[in-house]
Amino acid sequence: MSSWRSLLLRIGDKCPEYGTSSDFKEHIETCFGVLRRELEHSTNDILPFLLQCAEQLPHKIPLYGTVVGLLNLENEDFVRKILENTQTNFQDALDSENCDRIRILMRFLTAMMCSKVLQPASLVVVFETLLSSAATTVDEEKGNPSWQARGDFYVTCILSCLPWGGLEFVEQVPEEIERVMVGIEAYLSIRRHNSDTGLSFFEEYDDESGKDASEKDFLEDLWDRIQVLSSNGWKVDSVPRPHLPFEAQLVAGKSHEFGPINAPDQPEPLSQLAGVLYGKQKHHAELKYCQRIHRLNIFPASKTEDMEPIDRFIMEEYLLDVLLFLNGCRKECASCMVGLPVPFRYEYLMAETIFSQLLLLPQPPFKPIYYTLVIMDLCKALPGAFPAVVAGAVRALFEKIADLDMECRTRLILWFSHHLSNFQFIWPWEEWAYVLDLPKWAPQRVFVQEVLEREVRLSYWDKVKQSIENAPALEELLPPKGGPNFKYSLEEGKERTEQHALSAELIIKVKGRQTAREIISWVEESVFPHHGLEAALTVVVQTLIDIGSKSFTHLITVLERYGQVIARICHDQDKQIMLIAEVSSYWKNNAQMTAITIDRMMGYRLISNLAILRWVFSPANTEQFHISDHPWEVLRNAISKTYNRISDLRKEILTLKKSVVSAEDAAAKAKAELDAAESKLTLVDGEPVLGENPAKMKPIKSNAEKTKEEEISVRDSLEAKEALLARALDENEALFLSLYKNFSNVLMERLPDASKAQTLGALKSIQADEMIVDLDESSEMEVDNENGRPKKSQSNGEKASNVYKVGDKEQWCLSTLGYVKAFSRQYASEIWPHIEKLDAEVFSENAHPLFVKAVYSGLRRPVIETSSS
Amino acid sequence: MASLFKDPSKLSAYRDRRFSGTQEEFERALQTSTTVYIGNMSFYTTEEQVYELFSRAGEIKKIIMGLDKNTKTPCGFCFVLYYSREDTEDAVKYISGTILDDRPIRVDFDWGFQEGRQWGRGRSGGQVRDEYRTDYDPGRGGYGKLVQRELEQRQLVDYGTGSLGSFPPVMTPYYGRHGGSHGHGGYHRHGRDYHRKRHRDDDRHTNDSSRRTLDHESRRNSDPDSRPEKNPRFRESGDSDEDEEEYDRKRRS
């Protein structure tokens, strides 16, 4: 890397490039000094690299802005080009709805305004363009309020610029910026409050409608923070102002103009403001313009009190951008995160921000395992501070686990087990030993049990057993240690049945490398007629699974070789359910192998997703819904596999469509060439003849034919894939229809009458015992049932038993409703296209209101139109 | 996304000598591959552990454990095949350098699995790096093979069981000296949840069923043909007289 590059890249860092200095002013002077010399020869390299740095290291934007300001004094033309490029990029970003780029380029423009490169008035014009677009969008007559997410995003971007340049705006264009602020205030008054229901980390049990309205949404909250900032004279500790020492020089530079930009077209207005179409469009808009953070407050406010309100917003911006742009660069990412240019400590805020991403709903920008890695790296980078903060976060989340969203719980379990596996499984389990005294459905107990299960999967039973030696009683929560449960194992003293003999026979056949076909005929000729279908199924399935039980690879090998035998026996859904039941019985001591085997069988299409679904909702599994993750893991796998297949098809179709276009082009070109050749007059024997001479004609003709054939064949494969996709989508509809019907049925059986439990809070405060004794007394118990959380009593040795007050059945309902919401949210995009059918068949008046509420909340569907469609 | 700090064309600093194509073809293979190579694994890590960890990066198609070509037992590396390229990239980005079974594992793009590549390429059957190691690594069979042979000749290693060609079975005493920094007990592998592997015996591998039993206790206390740390495969033994090659050495920083 040549030195100007590393200077640009490393500016502001403590690094060898800048020697011992950590002074921004010196960094800027050094960097500028080198760039000035290089500018002559390397303009074409410097320009894109500088822009790239500014876009990908946004926490350094003030430094880059100042460097550009100084360059402006030397080479106006270069800086004009920077602005032109930025303008093009910005317009592109707006058109392609690239939110991160829009946001960051606006900050870069603000920084350039601060260093006198850009006229503040030009930037105000940008603000006004976006603001007016936002205001139109939420206007019920001219616009389309279902697209409010876009308007909110634009306004958020404008407000986000103010910490970086508020002071300059107020000093230089006070009236214009005031006009913008008034405009934003007006926008805030016409937009709808953005309800976070469905995306909040914690279930709200209080008066569910009232609380939500009083809580500020993200934009309202940012507006408040900006108000405080404004009243503090726009002073911010967390934003460096490196242009100030150079101000005297910078004012001499030419202040460029920034050409007008165009906000993208408004979405088509809607004929009605409620109903399915509104919901679909809202969903679509929120996907495109999603809110990048939901604040997770896990620590007491005292941990962050030395910050101004705006500092929190800025720190989140820094951290999220580092996470975004330095994804995949472990070292850089960790060192940037711990070395942000702010004068206060921020470990707690950093932990909250990372956890808020790990748990972000509906989906974090990256896979959860990325945040797992970041947390590990930060623990290593700040060994004295961060591990304790992480442990504090775990404790705080554990305290509130009963209220934590189901999806978040699953992610937390996966993260925590993985995290511990990287730190020798050390955890003060004795703190949580009391969960053994809680009922087996208590969420804290389930959490501990699931974490231990995942630890065992990542490691091995004895290792984990050893890690809980401070709380040996927790062994009770470890998964069973036993191995497979083979029906035909030849243990001594065990009775040998006919089926044992059949199984042994089958083993010999497999060892003798008989083909699947040979085994099928054996089954059909010798087993089935004499022993019946059920016996045949049990023997074949148990024996084959046993042969494949040694490892994942053994399983795959056996399924690849003898899957057809299973397919022949289990040809309909009922048999497939029996097949799954055999798998689950064989692996009853090993949830991971159960899940893997079912997943692979679905992969080889031996079982359908509908069969899996029906099995998951069978009584034995349904009973486990609130005390174990096992049935949910199987269900999650089945739905995600279905979803992956559809996504793959969509990708293939996209690629094929592109190939069709290029094949068409090629064919058209070849055809044109042929036509030209044919219409050409050639002299043959002195006579003019139509057409090129035959020697030349031949390749042209064959090329035309070949390209045409290619075009047809690509079209054919596209059609084939599209047919497959259409079928997959139908199957998907059937899947979700069945999923919701099953959910609705099992919930209907267990939920109390709608009149008795209209909210989750009411459901939660029903006492299991009192339900039977006296329903009316439940209110009395609410006093010590505050939030339904078990009261942890570490000091007194009193037994904590029965401290978790939610009853078995109520917890079952709460957990299941939580999963209804989680599935709806995760697959909202797949569910919305089938909403009409689902409305008609499942979400009708007969469905339990709490069930419908959970679905709506997961889909983020406005509730007003329940029965209008 | 993050293009400033890495050179996307530099996927791998080393080159598998067995790859027959040109450097460009090798790089193209790495850039489109959906296979990762995992190195520095413990011999005792099972496919299911690998599955649990690597499925967090995406849906897994296949796992191929690297095996000692003589003993047909895991020798510390494996391949994981994904369905999608994105998941493959995520496995490299997020799992490389993290811990599996108490060891920092290495995850790299691989040019693609081919039959034969599952076998160790070292003279003694395992990986080349385990030939010449001079440290004591309980997760990888103790000392390197050469050192081991020398110690054996000088009768410095007590195998206890007397099974030749085996690894030092006495773990715990060594552990304190060599792995003391873990401070978290020793490698008590004996009680490991191997039941599902213990019950059955694949007759294709019976020839080595008594080898490499890690500790005496499990042999005394459980069924005689228990093979705790073994992970025999369900594939035919392939010929694997390959030249030595190691997938090792400096990787990109």
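Computed from a prediction, not measured in an experiment: that's the story for all the values here.

Colleague: For this particular structure, what's the right way to read the overall build of chain A?
Modeller: Tallying secondary structure elements over chain A gives 36 helices and 2 strands in all. Its C-alpha atoms put chain A at 110 × 100 × 60 Å along the principal axes. Within chain A, the proportion of its 869 residues that are buried is 57%. Residue pairs in contact within chain A that sit at least 24 positions apart in sequence constitute 76% of those at least 6 positions apart. A gap of 5 Å separates the mean positions of the 96 positive and 129 negative side-chain charges of chain A.

Colleague: Please clarify how the overall build of chain B should be interpreted in this entry.
Modeller: Within chain B, the secondary structure is distributed over 8 helices and 6 strands. Along chain B, from the amino end to the carboxyl end, the secondary structure elements read α-β-α-β-β-α-β-β-β-α-α-α-α-α. Classification of the 253 residues of chain B by burial places 60% in the buried group. A fraction of 67% describes how many contacts in chain B between residues 6 or more apart in sequence connect residues 24 or more apart. As displayed, chain B has an accessible area near 10,700 Å², and 47% of this comes from carbon and sulfur atoms.

Colleague: What is the right way to look at the nonpolar core in this model?
Modeller: The tendency in soluble globular proteins is for nonpolar side chains to be buried as a group. Residues Phe 355, Trp 429 and Phe 851 of chain A together with Phe 54 of chain B are the most contacted members of the largest nonpolar core, which totals 305 residues. By residue number, the principal contributor to this core is helix 22 (residues 516-547) of chain A, which donates 14 residues. For Trp 429 of chain A, the residues in contact, after removing those within four places along its chain, are Phe 416, Leu 420, Val 448, Val 451, Leu 452, Glu 455, Ser 467, Ile 468, Ala 471 and Leu 474 of chain A. Core analysis: the next-biggest nonpolar cluster, separate from the first, contains 10 residues, Leu 649, Ile 653, Leu 656 and Leu 725 of chain A among them.

Colleague: Honestly, the pairing of strand 3 (residues 74-82) of chain B in this entry has me stumped. Any pointers?
Modeller: Within a regular strand, side chains alternate between the sheet's two faces. Residues and elements named next belong to chain B. Of all the 9 residues making up strand 3, 9 are buried; the element is thus mostly covered by neighbouring parts of the structure. Examined bridge by bridge, strand 1 (residues 35-39) and strand 3 share 4 bridges and lie antiparallel to one another. Across the sheet, Val 36 pairs through a bridge with Val 80, a residue of strand 3. Bridge count between strand 2 (residues 60-67) and strand 3: 6 bridges; the pairing is antiparallel. Paired with Lys 62 across the strands is Leu 81, a residue of strand 3.

Colleague: What should I look at first to understand the sheet that holds strand 1 of chain B in this one?
Modeller: Within a sheet, adjacent strands bond to each other through the backbone by hydrogen bonds, running parallel or antiparallel. All names here are of chain B. Strand order across the open sheet formed by 4 strands is 2-3-1-6, with antiparallel pairing between neighbours. Single-partner strands in this sheet number two, and they are strand 2 and strand 6 (106-110). Here the strands of the sheet are splayed against their neighbours by 25 degrees on average, with no regard to which way each runs.

Colleague: Would you take a moment to explain the packing of helix 7 (residues 148-172) of chain A against helix 10 (residues 218-231) of chain A for this structure?
Modeller: For any two helices packed against each other, the geometry is given by the interaxial angle and the distance between the axes. Residue and element names in this part refer to chain A. Where helix 7 meets helix 10, the closest approach of the two axes is 10 Å, and the angle between their N-to-C directions is 25 degrees. Between helix 7 and helix 10, the angle is such that the two are roughly parallel. The two elements helix 7 and helix 10 meet at a crossing, and its hand is left-handed. For the pair formed by helix 7 and helix 10, the contact residues are Asp 152, Val 155, Thr 156, Leu 159, Ser 160, Leu 162 and Pro 163 on the first element and Phe 218, Leu 219, Leu 222, Trp 223, Ile 226 and Leu 229 on the second. Of the residues in the contact of helix 7 with helix 10, the class split is 10 nonpolar, 2 polar and 1 charged.

Colleague: Can you walk me through the packing of aromatic side chains in this structure?
Modeller: The geometry of two aromatic rings is summed up by the distance between their centres and the angle between their planes. All names here are of chain A. One pass over the structure, following the stated rule, counts 43 aromatic pairs over all chains. Seen in terms of ring centroids, Phe 398 and Phe 447 are 5.8 Å apart; in terms of plane orientation they differ by 55 degrees. Their pairing is tilted. Linking Phe 398 in helix 17 (residues 386-399) with Phe 447 in helix 19 (residues 443-458), this pair joins segments that are 49 residues apart in sequence. Residue classification places Phe 398 among the buried positions, given a relative accessible area of 1%. Accessibility expressed as a relative area gives 2% for Phe 447, which makes it buried.

Colleague: Sorry, what's going on with the environment of Phe 617 of chain A here?
Modeller: Residues and elements named next belong to chain A. Along the polypeptide, Phe 617 turns up in the loop between helix 26 (609-616) and helix 27 (619-622). Look at Phe 617 and you get buried, because its relative accessible area is 8%. Those residues in contact with Phe 617, other than ones at most four positions away along the chain, are Thr 622, Phe 625, Leu 635, Leu 739, Asn 742, Phe 743 and Val 746.

Colleague: What is the right way to read unusual backbone geometry from this model?
Modeller: Note: most peptide bonds trans; most residues except glycine with negative phi. Residue and element names in this part refer to chain A. Between Leu 361 and Pro 362 the backbone carries a cis peptide bond, its omega angle lying at 0 degrees. The residue Pro 362 is located in the loop between helix 15 (347-358) and helix 16 (368-381) in this model. Even without being a glycine, Glu 97 presents a positive backbone phi close to 55 degrees. On the accessibility criterion, Glu 97 (19% relative accessible area) is buried.

Colleague: Would you explain the environment of Val 689 of chain A in this entry?
Modeller: Take Val 689 of chain A: it is sitting in strand 2 (residues 687-690). A C-alpha to C-alpha distance of 59 Å links Val 689 of chain A and Leu 47 of chain A, two positions 642 residues apart in sequence.

Colleague: Please clarify how the pattern of salt bridges should be interpreted in this entry.
Modeller: Where charged atoms from two side chains of opposite charge come close, those side chains can pair. Enumeration according to the criterion identifies 80 salt bridges over all chains in this entry. Between Glu 407 of chain A and Arg 411 of chain A there is a salt bridge whose closest N-O contact spans 2.9 Å. Linking Glu 407 of chain A with Arg 411 of chain A, this pair stays in helix 18 (residues 406-422), spanning 4 residues, or about one helical turn. Across the pair, Arg 411 of chain A and Glu 407 of chain A agree in class, each one buried. A salt bridge links Glu 52 of chain B to Arg 56 of chain B; the shortest N-O distance between them is 3.0 Å. Across the pair, Arg 56 of chain B and Glu 52 of chain B agree in class, each one buried.

Colleague: Explanation requested: the confidence of the model for chain A in the structure shown.
Modeller: Fine structural detail should not be taken from predicted coordinates in areas where pLDDT scores are low. Residues and elements named next belong to chain A. Per-chain confidence: chain A averages 90 in pLDDT, with 93% of residues scoring 70 or above. Here residues 768-802 is a poorly scored stretch, pLDDT under 50, and it has 42 contacts once near neighbours within four places are set aside; other chains count. This model gives residues 865-869 a pLDDT under 50, and the stretch forms 8 contacts once residues within four places in sequence are excluded.

Reading guide: rules and limits
- Residues numbered from 1 in each chain as written.
- Chains lettered and ligands numbered in written order.
- Predicted model: local features only at pLDDT ≥ 70, side-chain atom pairs only at ≥ 80, totals over all residues.
- Heavy atoms only, no water.
- Helix = DSSP H or I, 4+ residues; strand = E, 2+ residues; numbered from the N terminus.
- Buried < 20%, exposed > 50% of the residue type's maximum accessible area, 1.4 Å probe, protein only.
- Contact = heavy atoms within 4.5 Å.
- Lys, Arg positive; Asp, Glu negative; His and termini not counted.
- Charge placed at Lys NZ, Arg CZ, Asp CG, Glu CD.
- Areas by Shrake-Rupley, 256 points an atom, 1.4 Å probe, with all protein chains shown as cover.
- Core = buried A, V, L, I, M, F, W, Y, C linked by side-chain atoms within 4.5 Å.
- Pairing = 2+ DSSP bridges.
- Axes fitted to C-alpha atoms, helices over the stretch in contact; angles between N-to-C directions.
- Parallel < 35°, antiparallel > 145°, perpendicular 65-115°, else oblique.
- Left-handed = near helix turned anticlockwise from the far one by under 90°.
- Nonpolar A, V, L, I, M, F, W, Y, C, P; charged D, E, K, R; others polar.
- Phe/Tyr/Trp six-rings, centres within 6.5 Å; stacked < 30°, edge-to-face > 60°.
- Salt bridge = Lys/Arg side-chain N within 4 Å of Asp/Glu carboxyl O.
- pLDDT = per-residue confidence, 0-100.

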